[in-house]
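Observations on the three-dimensional arrangement
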Amino acid sequence: MLSRDDIGRHLTSENVFEGDSLPGFSDTIEHPDGLVLVDTGMIDTTPALDEDAEEWGKWHPHPLPDELVDRVVVVVNTHLHPDHCGGNRLFPGIPIHVQRRELADARTGDDYTVREWVDFPGATYVEHDGEAEILPGIRLLPTPGHTAGHQVVVVETDEGPIVLGGDVGHSFEELERGDTPGRQVVLELAAPTHLTHVAEVRVPHPRP
Ligand SMILES: [Zn+2]
């Protein structure tokens with residue numbers, strides 16, 4: 001059985017906007033079958049992203065260390081915004097689990113993501129329509145809201161479930177509004193929750 005200590009957090013991007021810096025974290029799970037990586041952060045930027053810095057903030061990539069990259073056997077994308085899939089290119093031939101809807105939207109939507117970061121040589125997407133258990137103790141749950149194809153990862157540990165929540169909320173305050181189906185799903189789990197852009201891990205509580 002997995003334990004809380006099997007889950008790691010790694011700073012993989014920062015966004016600096018009007019003097020404020022917003023961290024972005026990727027999560028790893030040390031599973032008996034190998035290392036699972038949830039969201040791949042950023043390893044570089046593009047001229048287009050840099051040009052948009054005034055509107056969307058300046059991105060600072062923080063690539064994962066090679067030691068981790070080399071051990072990854074499964075990747076999950078909560079969704080395909082650039083700061084969540086920017087390192088996907090490091091994993092040709094490695095299964096990347098995503099909701100079918102998310103991949104379709106990333107391939108067709110204007111300004112949705114950096115499309116070359118999604119579709120790169122060797123990209124091996126495993127598409128899901130809804131809930132899925134990808135390894136014993138690791139489940140995907142669709143949580144639409146931030147994007148229509150957004151999903152979270154639920155890890156069963158000896159202390160109960162832990163939610164790797166991606167951008168289901170950019171903050172706990174946002175999550176606790178419960179104003180999207182995805183936020184409702186995560187609030188009902190009432191489990192320790194990781195949010196990509198929040199360093200703190202805690203149980204979210206619905207607001208009255
Ligand atoms: Zn996002």
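Here the structure is shown first, and the text comes after it.
These lines cover the structure that appears in this document, whether it is placed above or below. None of these values were measured; they are calculated from a predicted model.

What counts, and where the lines are drawn
Residues numbered from 1 in each chain as written. Predicted model: local features only at pLDDT ≥ 70, side-chain atom pairs only at ≥ 80, totals over all residues. Heavy atoms only, no water. Helix = DSSP H or I, 4+ residues; strand = E, 2+ residues; numbered from the N terminus. Buried < 20%, exposed > 50% of the residue type's maximum accessible area, 1.4 Å probe, protein only. Contact = heavy atoms within 4.5 Å. Salt bridge = Lys/Arg side-chain N within 4 Å of Asp/Glu carboxyl O. Phe/Tyr/Trp six-rings, centres within 6.5 Å; stacked < 30°, edge-to-face > 60°. Lys NZ or Arg CZ within 6 Å of the ring centre and 35° of its normal. Donors = N, O, S within 2.8 Å, 3.2 Å for Na, K, Ca; no water. Tetrahedral: all angles 85-135°; square planar, octahedral: opposite > 155°, others 65-115°. Pairing = 2+ DSSP bridges. Axes fitted to C-alpha atoms, helices over the stretch in contact; angles between N-to-C directions. Patch = residues over 30% accessible without salt bridge, like charges linked within 9 Å, V, L, I, M, F, W, Y side chains within 5 Å. Areas by Shrake-Rupley, 256 points an atom, 1.4 Å probe, with all protein chains shown as cover. Lys, Arg positive; Asp, Glu negative; His and termini not counted. Charge placed at Lys NZ, Arg CZ, Asp CG, Glu CD. 1 Å grid on protein atoms, 1.4 Å probe; cavity = no way out; pocket = protein on both sides within 12 Å on 5 of 7 lines; lining within 4 Å. Points joined across faces, edges and corners; volume = space filled by probe spheres on them. Nonpolar A, V, L, I, M, F, W, Y, C, P; charged D, E, K, R; others polar.

Brief notes about the environment of Leu141
In this structure, Leu141 sits in strand β9 (residues 138-142). On the accessibility criterion, Leu141 (10% relative accessible area) is buried. Between the C-alpha atoms of Leu141 and Gly182, which are 41 residues apart in sequence, the distance is 8.9 Å. With residues near it in sequence (within four places) discarded, Leu141 still touches Glu131, His150, Gln151, Val152, Val154, Val185 and Leu189.

Overview of the pattern of salt bridges
Side chains carrying opposite charge are able to pair once their charged atoms draw close together. With the rule as written, the count across this model stands at 16 salt bridges. Among the ionic pairs, Glu127 bridges to Arg100, the shortest N-O distance being 3.3 Å. You can see Glu127 sitting in strand β7 (residues 124-128) and its partner Arg100 sitting in helix α5 (residues 100-108), a full 27 residues away along the chain. Residue Glu127 is classed as partly exposed on the basis of its relative accessible area of 30%. For Arg100, a relative accessible area of 38% gives the class partly exposed.

Remarks on the packing of aromatic side chains
In this structure the tally under the stated criterion is 0 aromatic pairs. Cation over ring: Arg202 sits above Phe172, and NZ or CZ is 4.4 Å from the ring centre.

Thoughts on the environment of Trp117
Looking at where Trp117 falls in the secondary structure, it is placed in helix α6 (residues 115-118). Along the sequence, Trp117 and Leu80 sit 37 residues apart, while their C-alpha atoms lie 9.1 Å from each other. Other than its neighbours up to four places away in sequence, Trp117 contacts Met42, Asp44, Thr45, Thr46, Leu49, Pro82, Cys85, Gly86, Asn88, Arg89 and Tyr125.

Section: the coordination of the zinc ion
On the protein side, the zinc ion has His79 (NE2), His81 (ND1), His146 (NE2) and Asp167 (OD) as donor atoms, found 2.1 to 2.4 Å from it. Geometry at the zinc ion is irregular, judged from its 4 donor atoms and the angles of 89 to 174° they form at the metal. Sequence spacing of the donors to the zinc ion: H-x1-H-x64-H-x20-D. Taken together, the positions of His79 in the loop between β5 (72-76) and α4 (82-85) and Asp167 in the loop between β11 (160-164) and α7 (172-176) put the pair 88 residues apart, joining distant regions of the chain. With respect to burial, His79 and Asp167 carry one shared label: buried.

Some thoughts on the sheet that holds strand β13 (residues 198-202)
Pairing is mixed in the open sheet, where 6 strands are placed in the order β8-β9-β10-β11-β12-β13. Of all strands in the sheet, those with a lone pairing partner are β8 (132-135) and β13, marking the two edges. Taken over all neighbouring pairs, the strand axes of this sheet differ in orientation by 20° on average, direction set aside. Against the sheet, helix α8 (residues 181-189) touches β9, β10 (151-157), β11 and β12 (193-195), its axis set at about 140° to β9.

Thoughts on a negative patch on the surface
On the surface, a cluster of negative charge is made up of Asp50, Glu51, Asp52, Glu55, Asp110 and Asp111. In this structure, Asp111 sits in the loop between α5 and α6.

Some points on the layout of surface pockets
By volume, the largest pocket amounts to about 700 Å³. At the level of elements, β2 (20-31), α1 (47-51) and α4 are the ones that each hand at least two residues to the lining of the largest pocket.

Considering empty space enclosed by the protein
If you roll a probe as big as a water molecule over the atoms, it shows you where there is empty space left. In this structure the tally under the stated criterion is 1 cavity of 30 Å³ or more. Of the volumes computed, that of the largest cavity is approximately 40 Å³. Every residue along the wall of the largest cavity is listed here: Arg9, Phe25, Asp27, Val38, Asp39, Gly166, Leu195 and Thr196. For the lining of the largest cavity, the per-class residue count stands at 3 nonpolar, 2 polar and 3 charged.

So far we have only geometry, and geometry alone does not tell us how the molecule works.
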